[in-house]
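# Structural description and commentary
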Amino acid sequence: MDEASKRTPCPSRALSPIARSEATAGVRGEIDFQLWRPKCYAHLDGGFARDDGGGERIVHELGIATEIYESCRTAVDRSGSGRLQSVKIAVGELSAVEPECLRFAWEALVAGGPDAGCALEVEWRPARQFCPQCGQVKPRPETRWLRLCPDCWQPLRIDGGDELDVLEVSFEPREHGPEETS
Amino acid sequence: MSRTLDVRRRILEDNDRQAAALRASFKTGGTLVVNMISSPGSGKTALLEATARDLAGRYAMAALEGDIETERDAERLRARGLRAYQILTGGSCHLDARLVARGLEDAAFPALDILFIENVGNLICPTSYDLGEDFKIALLSTAEGDDKPFKYPAIFARAGAVVITKADLGPHVSFDMDVVRGQIETLNPGAPLLVTSARTGDGLEAWYGLLAERLEAKRRHRA
Ligand SMILES: Nc1nc2c(ncn2[C@@H]2O[C@H](COP(=O)(O)OP(=O)(O)O)[C@@H](O)[C@H]2O)c(=O)[nH]1
Ligand SMILES: [Mg+2]
Ligand SMILES: [Zn+2]
């Protein structure tokens, strides 16, 4: 298969071969935008995040980051356009998205483009364990699960944690002077 | 002066919309759709091979096979007489609703009772993408270890059923079924938990029973 024919530009900017980000705690690596394709994101062995073995994760989060970028860009363009300053999203514990990988992918995605430096603010939404018997949410230790309701020993239902939403986007409207386009 | 817009949009809204359209068409067609999710090598294709062999006369079935590269899985299933269409994702770690819609169009399957979608081998990413299925199943092979449900809670919490595969290997790899059962009951109380071996045939009747029950329920709701 012809690799070149599958390439389309990264939505945030003209192609630059490699984006590198080491600023985000816990995730380091590179994204090869030469292999960029919309939504499906590049070959796993193409070397996303080569140095932490988490390449597959980055591929996934890069896709999510792209969806976020595109919906924010669209929303802002509809409101007169301008430079993105910050984006706030909600990520649920059961959404299968890793916030650190997502921040890394986001940084690499916007770096060097018109929205470089746009911050991604992640609101983490833990899943809640609800006891239908007691009619209450039971507090659980972070990242651990209660086996049964500590008060009535019935099974607990898991509520929420599926969130994966763009909440809001802040931007600098374009009207502020022609020089900013340079 | 910066401005803030209230966006409030599902990040995967486009996918969700496409999935809703697929779900509506599966409903009209009365086709039960099962989205199969597991790590690579857990035995998704092997379970489908056994299913094709054992249920061939009973249902009109087909499979969409999601893989990053190669037609191998679809060929394995065709060799067992199952209609199968390979979707090559070319790098993506999961199937999305658009790939499924396009695959179905190309495959042009006849009217089906059951459509299996074998997702790309990956216990994480496919979880976020609705494919219009009736339910997801999470497969876990004994060789992967009995600690996996808590390590990958998203799929095990949201699956409509959990299938343990390669039960024949359990004793060789110190797989503790009670440990897994406890984790599933915690994350997904009431979810069916099936213990199977495509090699020996153990537990397959329960799997077929689950399919029959869900298909019947779907048809009943349609009527
Ligand atoms: N012992 C044993 N091996 C199995 C069983 N099911 C699958 N396998 C083997 O596990 C490997 C991966 O199976 P496959 O169906 O390709 O997994 P997939 O990647 O999830 O589709 C193959 O070598 C199969 O023969 C089983 O029930 N018992
Ligand atoms: Mg397979
Ligand atoms: Zn209780």
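Because the structure is predicted, anything quoted here is derived from the model rather than measured.

### Focus on the site of ligand 1
All names here are of chain B.
- Every one of the 16 residues lining ligand 1 counts as a neighbour, but Gly 41, Thr 45, Ala 46, Arg 76 and Asp 168 are closest to it.
- For ligand 1, an oxygen atom lies 3.2 Å from a polar atom in the backbone of Arg 199.
- Protein contact buries 76% of the 580 Å² of open area that ligand 1 shows by itself.
- Here the element with the most residues in the shell around ligand 1 is helix H2 (residues 44–55); it accounts for three residues.
- Partitioning the shell around ligand 1 into residue classes produces four nonpolar, six polar and six charged.

### Some points on the interface of chain B and chain A
- Contacts between chain B and chain A engage 40 residues on the former and 44 residues on the latter.
- Carbon and sulfur atoms make up 57% of the area that chain B and chain A hide from each other, which totals about 3,500 Å².
- Inspection of the chain B/chain A interface yields three salt bridges.
- Those elements that place two or more of their residues in the side of chain B that touches chain A are strand E1 (3–10), helix H4 (97–107), helix H6 (153–158) and helix H7 (177–187) of chain B.
- Looking at the side of chain B that touches chain A element by element, the count peaks at eight residues for E1 of chain B.
- When grouped by side-chain class, the residues that make up the side of chain B that touches chain A number 17 nonpolar, 13 polar and ten charged.
- Where strand E8 (residues 164–173) of chain A lies against E1 of chain B, six bridges are found, and the strand directions are antiparallel.

### Things to note about the coordination of the zinc ion (ligand 3)
Residues and elements named next belong to chain A.
- Taken together, Cys 131 (SG), Cys 134 (SG), Cys 149 (SG) and Cys 152 (SG) make up the protein donors of the zinc ion (ligand 3), found 2.1 to 2.4 Å from the metal.
- Taken together, the four donor atoms surrounding the zinc ion (ligand 3) define angles of 97 to 117° at the centre, an arrangement classified as tetrahedral.
- Each donor residue of the zinc ion (ligand 3) lies on the same chain, and together they follow the pattern C-x2-C-x14-C-x2-C.
- With relative accessibility at 0%, the residue Cys 131 sits in the buried group.

### Points about the packing of aromatic side chains
- According to the stated counting rule, one finds two aromatic pairs over all chains in the structure shown.
- On the numbers, 6.2 Å between centres and 55° between planes, the contact of Tyr 69 of chain A with Trp 106 of chain A is tilted. A residue pair is termed long-range when its members are at least 10 positions apart, and Tyr 69 of chain A in helix H2 (residues 55–78) and Trp 106 of chain A in helix H3 (residues 99–110) qualify at 37 residues.
- When its relative accessible area of 3% is taken as the criterion, Tyr 69 of chain A is described as buried.
- Trp 106 of chain A sits in the buried class, given a relative accessible area of 2%.
- For the pair Phe 116 of chain B and Trp 207 of chain B, a centre-to-centre distance of 6.3 Å together with 35° between the ring planes defines the contact as tilted. Placement of the pair is Phe 116 of chain B in strand E5 (residues 114–118) and Trp 207 of chain B in helix H8 (residues 204–222), with a sequence separation of 91 residues.
- Against the face of Phe 135 of chain B rests Arg 214 of chain B, its NZ or CZ located 4.7 Å from the ring centre.

### Considering the sheet that holds strand E4 (residues 119–125) of chain A
- The strand order across the open sheet formed by four strands is E4(A)-E3(A)-E8(A)-E1(B), and the pairing between neighbours is mixed. Of all the strands in the sheet, just E4 of chain A together with E1 of chain B have a single pairing partner and so form its edges. Averaged over all pairs of adjacent strands, the angle between their axes in this sheet comes to 20°, without regard to strand direction.
- Sheet analysis places strand E3 (residues 82–92) of chain A next to E8 of chain A, joined by nine bridges and oriented antiparallel. In the sheet register, Lys 88 of chain A faces E8 of chain A, and the bridge partner there is Glu 168 of chain A.

Reading guide: rules and limits
Residues numbered from 1 in each chain as written. Chains lettered and ligands numbered in written order. Predicted model: local features only at pLDDT ≥ 70, side-chain atom pairs only at ≥ 80, totals over all residues. Heavy atoms only, no water. Near = heavy atom within 4 Å. Polar contact = N/O pair within 3.5 Å; in protein donor to acceptor, adjacent residues only side chain to side chain. Areas by Shrake-Rupley, 256 points an atom, 1.4 Å probe, with all protein chains shown as cover. Helix = DSSP H or I, 4+ residues; strand = E, 2+ residues; numbered from the N terminus. Nonpolar A, V, L, I, M, F, W, Y, C, P; charged D, E, K, R; others polar. Contact = heavy atoms within 4.5 Å. Buried area = accessible area lost by both parts, 1.4 Å probe. Salt bridge = Lys/Arg side-chain N within 4 Å of Asp/Glu carboxyl O. Pairing = 2+ DSSP bridges. Donors = N, O, S within 2.8 Å, 3.2 Å for Na, K, Ca; no water. Tetrahedral: all angles 85-135°; square planar, octahedral: opposite > 155°, others 65-115°. Buried < 20%, exposed > 50% of the residue type's maximum accessible area, 1.4 Å probe, protein only. Phe/Tyr/Trp six-rings, centres within 6.5 Å; stacked < 30°, edge-to-face > 60°. Lys NZ or Arg CZ within 6 Å of the ring centre and 35° of its normal. Axes fitted to C-alpha atoms, helices over the stretch in contact; angles between N-to-C directions.

So, to be careful, I would describe these as geometric facts and stop short of saying anything about function.
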